[in-house]
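Examining the three-dimensional arrangement
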Amino acid sequence: VSHAGRWFVGYAIGWPVLLAPALALGVPWLVSPVAGGFLVFVIFLLGRNLFDAKTGLLAAAMAALSPLFGLLSATAFSHAAVGLLTTVFPVLALNA
């Protein structure tokens, strides 16, 4: 994106890193659905770590059944991957 002679990135920092191997393999459409699937699992882990397994399962089910989550995980947008990378950090921090 160009504005007033300056360039700005339109995607999050990690998106090209995740997309490059998929492009090399010819399956760039697979990155967002896989990231969305992992995100549901990481949401479960975060809920379990913060509360209990039942809460983690409920949170993961709510995410998986959300129409917006499904839409964003099925498109070429970087939302699912950025959500995954953002949610992994607190899970790792809680387990450290």
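The structure under discussion appears in the preceding block.
Reference entry: report on the structure contained in this document. Everything numeric in this text was worked out from a predicted model, so none of it was measured.

Along its length, the chain carries five helices and two strands. Mapped from its N terminus to its C terminus, the chain presents α and β elements in the order β-β-α-α-α-α-α. Across its three principal axes, the chain shows a C-alpha extent of roughly 50 × 25 × 25 Å. When each of the 96 residues of the chain is scored for burial, the buried share is 27%. The contacts of the chain with a sequence gap of at least 6 include a subset with a gap of at least 24, amounting to 64%. Surface exposure of the chain reaches about 6600 Å², of which carbon and sulfur atoms provide 77%.

When you line up the elements, Ser78 lands in the loop between helix H4 (67-73) and helix H5 (79-95). The class of Ser78 is buried, set by a relative accessible area of 10%. Contact partners of Ser78, with chain neighbours within four places excluded, come to Tyr11, Ala12 and Trp15.

This part takes up the packing of helix H2 (residues 31-50) against helix H3 (residues 53-65). Two numbers describe how H2 lies on H3: the axes approach to 7 Å, and their chain directions differ by 150°. Taken as axis vectors, H2 and H3 run roughly antiparallel relative to one another. Crossing hand, H2 versus H3: right-handed. Taking contact as the criterion, the partners of Val40, Ile43, Phe44, Gly47 and Arg48 in H2 are, on H3, Ala53, Thr55, Gly56, Leu57, Ala59, Ala60, Ala63 and Ala64.

Conventions we followed
Residues numbered from 1 in each chain as written. Predicted model: local features only at pLDDT ≥ 70, side-chain atom pairs only at ≥ 80, totals over all residues. Heavy atoms only, no water. Helix = DSSP H or I, 4+ residues; strand = E, 2+ residues; numbered from the N terminus. Buried < 20%, exposed > 50% of the residue type's maximum accessible area, 1.4 Å probe, protein only. Contact = heavy atoms within 4.5 Å. Areas by Shrake-Rupley, 256 points an atom, 1.4 Å probe, with all protein chains shown as cover. Axes fitted to C-alpha atoms, helices over the stretch in contact; angles between N-to-C directions. Parallel < 35°, antiparallel > 145°, perpendicular 65-115°, else oblique. Left-handed = near helix turned anticlockwise from the far one by under 90°.

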